[in-house]
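Chain residues, written in single-letter form:
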Amino acid sequence: MAQGTALQPYEAEAPPAPRPTPARALAARGDALAGAAVLLAACFVALLAPWISPHDPIGQNLRSALRPPFFLPGTLPGFLLGTDGLGRDVLSYIFHGFRISLAVGLSAVAISSVLGVALGVWAGYRGGRADTLIMRLADFQLTLPTVLVALAVIALFGSGVGKLILLIGLTHWAVYARTVRGSVLAIREREFVESARALGAPAWTVIRRHVLPNVMTPILIIAAVELPRVMLLESTLSFLGLGVPPTVPSLGGAIAHGYGYLLSGYWWLTVLPGLALMVVVIAINVMGDWLRDLLDPRMVR
Amino acid sequence: MPTFLLKRLLQSLAVFLGVSLVIFLMLRTAGDPVQILLGEEGTQHDVARLREALGLDRSLPVQYVLFLRNALRGDLGVSYHHGVPAMELVLERVPATLELAGAAMLIAVVLAIPLGVIAANGRGGFWDRFFLSGSLVGISAPPFWVGIVCILVFGVVFRWLPTSGRGGWEHLILPAGSLALYRLALFIRLVRSGMLDVLGQDYVRTARSKGLAERVVVFKHALKNTLIPFITIAGLQMGSLLAGAVVTERVFAWPGMGRLILDSIQKLDYPVVMCWALVTAAIFILINLAVDVSYSFVDPRVRSG
């Protein structure tokens, strides 16, 4: 957010500022810096969860169940955020939940972006019937919310981490495909591409050398927007019992578990995992905004 | 205009057929309803007889045609668990879901427009930063979790509002409000950036230089042109609101389609799942059609495309 110095848009435009290096641009924005720190910490936790978790996240111990976190009286030593209804350590559970959340988010975004780029390039470069078909499929996909598709698919095929990743990946390529197709259509008519084709360069070479480098920026920006959305989707599905299986620790599952104890006064069981997820998603969104400002300064915020 | 409408209607019909075919195939490949109905105890003879009675012994294309024929008559099968027509079960719950999603949409749109305008007008100022940060939290919080926190704060701690079931307007506030939050946050950002775009354009500059009052410039000239794309996007969001309602209904024990479908999924009640998918697809198609048609009225250039 270029605050403070921002001109009113109807006033005379200032000369464009020299483009800062990424590191400097990051340091200049406090929110992005904080976001980067949180995100780094979350990645650290997610990667090292099995080694830094104080306890087994699914190890149950009913005798020490429902102990409060450190800021309330009656804490069990060694269980910083308390224990849940089955005596599982909440902190360890959240750590492992991050692991699943980020793993599902990153894998699903990787699948959908690669698929979207491939289909978008194909549609834009080939045109004709392939183009029409792919774009109609994309329209269709954009009107169908994944929660509904997931409900139907998981009702029929059951749940699992791999299935969940595949499901989200296969239902989120439309945004990428649309953007890439648009860029390909624009680039295809440019002189450098026309001359490369005239010189007899094979389609694949033209795409790899000239088309792909030109669409990387929008793809990166879209992926940064999609990642937090996919992570929220994963938690929503897991909350409904339709995401990862109940034996796998997930933040959505933890919130659902805590929800059952809400009226008995154990509010932290549902508040803490949700808060943890929200903080990380805010960090990713802040980083995404920053990335977009950095890569595409023309966009108005 | 009539040809445009006809074309859209035909396309909608094709989409609807496509959805029904996909769901039909998924149901047929995913499991054997006969096995589910009879369980482990069914003898070979029972299985064969039931299969014949349900028409499952015929070829898939024939089955699909029969399914379509029955569907056109409004017969989508009987719920395995409730013993009443699946369509009845689903349609009974449509009003509750539409009430929830409609109220959420109303809250989001009615609040987002003034807040977005305020943020854009004071760009970089306190309120702009306040609403931007707020909307960042709004799009980052897990929507179902927001509902739970609302229950905790307004229902358990302060005891101001009922937290479950459907009744008067006070039952609607928490579910609709928590469902609206994500959309509200999104819409504030949309209105804000739309206003910033429009405020920078020449005709606004002209209006200002004519000496028109700021109020007239902002609300009459700028806002009007911001709202056209905004309404389209808001209309398309109605679909994802209906999807989000599934989760909200679960959290607030709201007696809509969402709860029915979650229960039916757990009980493998396939006719209800099928029926729900078709009804949802129909609602979706109607919404998209309405948005397309209204858009073509607002912007005549769309019609030729």
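Predicted, not measured: the structure shown is a model, and the values here were computed from it.

Novice: Explanation requested: the packing of aromatic side chains in the structure shown.
Specialist: Each pair of aromatic rings is reported with the distance of its centres and the angle of its planes. The tally for this structure, following the rule as stated, stands at 15 aromatic pairs over all chains. Ring geometry for B:Phe126 and B:Trp127: centres 5.0 Å apart, planes at 75°, overall edge-to-face. Each ring, one from B:Trp127 and one from B:Phe130, has its centre 5.6 Å from the other, and the planes form 85°; the classification is edge-to-face. Placement of the pair is B:Trp127 and B:Phe130 together in helix α6 (residues 126-140), with a separation of 3 residues, close to one helical turn. For B:Phe130, a relative accessible area of 45% puts it in the partly exposed group. Following the ring pairs from residue to residue traces out a cluster consisting of A:Phe71, A:Tyr261, A:Tyr266, A:Trp267 and A:Trp268.

Novice: Can you walk me through empty space enclosed by the protein in this structure?
Specialist: In this approach, a probe sized like a water molecule rolls over the atoms, and the result shows the empty space that is left. Under the counting rule described, the total for this entry stands at 4 cavities of 30 Å³ or more. Taken as a whole, the largest cavity spans an internal volume of roughly 70 Å³. Lining the largest cavity we find A:Leu148, B:Thr97, B:Leu242, B:Val246, B:Glu249, B:Met257, B:Gly258, B:Trp276, B:Thr280 and B:Ile283. Only α10 (214-252), α11 (257-266) and α12 (270-298) of chain B provide two or more residues apiece to the lining of the largest cavity.

Novice: It is not clear to me how the confidence of the model for chain A should be interpreted in this structure. Could you clarify?
Specialist: Close inspection of predicted coordinates is inappropriate in any region flagged by low pLDDT. Residues and elements named next belong to chain A. Across chain A, the average pLDDT comes to 83, with 87% of residues at or above 70. When the elements of chain A are averaged for pLDDT, helix α1 (residues 22-28) gives the smallest value, 66, and helix α3 (residues 90-126) the largest, 93. Long-range and interchain partners of residues 1-13, a stretch whose pLDDT sits below 50, account for 19 contacts in this model, where long-range means more than four residues apart.

Novice: Even after reading the chapter, I still don't get the side chain of A:Glu234, so can you show me in this structure?
Specialist: All names here are of chain A. Within the fold, Glu-234 resides in helix α9 (residues 203-239). Notably, Glu-234 is buried but unbridged: the nearest opposite-charge side chain belongs to Arg-99, and the N-O separation is 13 Å. The residues touching Glu-234, leaving out its near neighbours within four places in the chain, are Ile-100, Ser-101, Val-104, Leu-164, Val-244 and Ser-250.

Novice: For this particular structure, what's the right way to read the interface of chain A and chain B?
Specialist: Often, the extent of an interface is quoted as the loss of accessible area on bringing the components together. Contacts between the two partners involve 45 residues from chain A, matched on the other side by 50 residues from chain B. Together, the buried faces of chain A and chain B total about 4200 Å²; carbon and sulfur atoms form 76% of this surface. Close ionic contact of A:Asp289 with B:Arg189 constitutes a salt bridge, the shortest N to O distance being 3.5 Å. Here chain A and chain B share 4 residue pairs in polar contact (both at pLDDT 80 or more) between them. In terms of residue count, the dominant contributor to the side of chain A that touches chain B is helix α11 (residues 268-295) of chain A (11 residues). Grouping the constituent residues of the side of chain A that touches chain B by class yields 32 nonpolar, 10 polar and 3 charged.

Novice: So what exactly am I meant to see when it comes to α11(B) here?
Specialist: An α-helix turns once per 3.6 residues; consequently, residues spaced three or four apart project the same way. All names here are of chain B. In terms of burial, α11 is largely enclosed, as 7 of its 10 residues are buried. Taken together, the buried positions of α11 are occupied by Met-257, Gly-258, Leu-260, Ile-261, Leu-262, Ser-264 and Ile-265. Within two residues after α11, Leu-268 carries a phi angle of roughly 55°, on the positive side.

Novice: Quick question: what am I supposed to make of unusual backbone geometry here?
Specialist: Working note: non-glycine residues mostly have negative phi, and peptide bonds are mostly trans. All names here are of chain B. For Arg-159, which is not glycine, the phi dihedral falls at a positive 55°. Position of Arg-159 among the secondary structure elements: in the loop between α7 (143-157) and α8 (169-199). What makes Arg-159 exposed here is its relative accessible area of 67%. In the Ramachandran plot, Ala-253 falls in the positive-phi region, its phi being about 50° despite a non-glycine side chain. Assignment of secondary structure puts Ala-253 in the loop between α10 and α11.

Novice: How should I be thinking about the confidence of the model for chain B in this particular structure?
Specialist: Counting all residues, the mean pLDDT for chain B is 83, and 92% of those residues have values of 70 or more. Here the predicted complex scores 0.84 on pTM and 0.82 on ipTM.

Novice: Would you take a moment to explain helix α4 (residues 60-72) of chain B for this structure?
Specialist: Residue and element names in this part refer to chain B. When the terminal C-alpha atoms of α4 are compared, their 18 Å separation across 13 residues agrees well with the 18 Å that a helix rising 1.5 Å per residue should span. For α4, every residue scored as buried is listed here: Gln-63, Tyr-64 and Phe-67. Buried residues of α4 fall within an arc of 100° about the axis and therefore sit on the same side. Residues of α4 that are exposed and angled more than 90 degrees away from the buried face: Pro-61, Val-65 and Leu-72.

Novice: I tried to follow the packing of helix α8 (residues 191-198) of chain A against α9(A) on my own but got confused; where do I start?
Specialist: Packed helices, taken two at a time, are described by the angle between their axes plus the distance between the axes. Residue and element names in this part refer to chain A. Between α8 and α9, the least distance of the axes is 10 Å, while the angle of their chain directions is 170°. Taken together, the axes of α8 and α9 are roughly antiparallel relative to one another. Judged by the twist between their axes, the crossing of α8 over α9 is left-handed. Only Val-206, His-210 and Asn-214 of α9 make contact with α8, whose side of the interface consists of Phe-192, Val-193, Ala-196 and Arg-197.

Calculation rules
Numbering of residues starts from 1 in each chain and follows the order in which that chain's sequence is written. In the order they appear in the text, chains get letters beginning with A and ligands get numbers beginning with 1. Note on the predicted model: pLDDT of at least 70 is required for a residue's local features to be given, and 80 or more for side-chain atom pairs to be given and counted; whole-chain, interface and lining totals, by contrast, use all residues. To obtain the side-chain values, all non-hydrogen atoms of the structure were used and water was disregarded. Classification of ring pairs rests on two measures: the distance between centres of Phe, Tyr or Trp rings, Trp counted by its six-membered ring, which must be within 6.5 Å, and the angle between planes, read as stacked under 30 degrees, edge-to-face over 60 and tilted in between. Here a strand is any run of E in DSSP of at least two residues, a helix any run of H or I of at least four, and the numbering for each starts at the N terminus. Only protein chains enter the accessibility calculation, which uses a 1.4 Å probe; a residue is then buried when its area is under 20% of its type maximum, exposed when over 50%, and partly exposed in between. For cavity detection a 1 Å grid was placed over the protein atoms alone, and a set of points counts as a cavity when a 1.4 Å probe fits there but cannot get out; an open set counts as a pocket when protein lies on both sides within 12 Å along at least five of seven lines, with lining residues being those that have an atom within 4 Å of a point. Grid points are joined across faces, edges and corners, and a volume is the space filled by probe spheres set on the points. As a per-residue measure, pLDDT reflects the predictor's confidence and takes values from 0 up to 100. Throughout, a residue-residue contact means that at least one pair of heavy atoms, one from each residue, lies within 4.5 Å. In this charge count, Lys and Arg are treated as positive and Asp and Glu as negative; neither His nor the chain ends contribute. Here, a salt bridge means any Lys or Arg side-chain nitrogen found within 4 Å of an Asp or Glu carboxyl oxygen. Note: buried area is the sum, over both parts, of the accessible area (probe 1.4 Å) each one loses when the two are combined. N or O atoms within 3.5 Å of each other form a polar contact, as long as, within protein, one can give a hydrogen and the other can take it, and as long as residues adjacent in sequence are counted only when both atoms are side-chain atoms. Note on residue categories: nonpolar means Ala, Val, Leu, Ile, Met, Phe, Trp, Tyr, Cys or Pro, charged means Asp, Glu, Lys or Arg, and polar means any other residue, Gly included. Any helix carries an expected span of 1.5 Å times its number of residues minus one. The directions considered for the arc run from the helix axis to the C-beta atoms. Structural elements are reduced to axes, namely lines fitted to C-alpha atoms, with helices fitted over the stretch in contact, and the angle between N-to-C directions of any two is expressed from 0 to 180 degrees. With respect to orientation, any angle under 35 degrees is reported as roughly parallel, any angle over 145 as roughly antiparallel, any angle of 65 to 115 as roughly perpendicular, and every other angle as oblique. Each helix crossing is assigned a hand: it is left-handed if the near helix lies turned anticlockwise from the far helix by less than a right angle, otherwise right-handed if that turn is clockwise.

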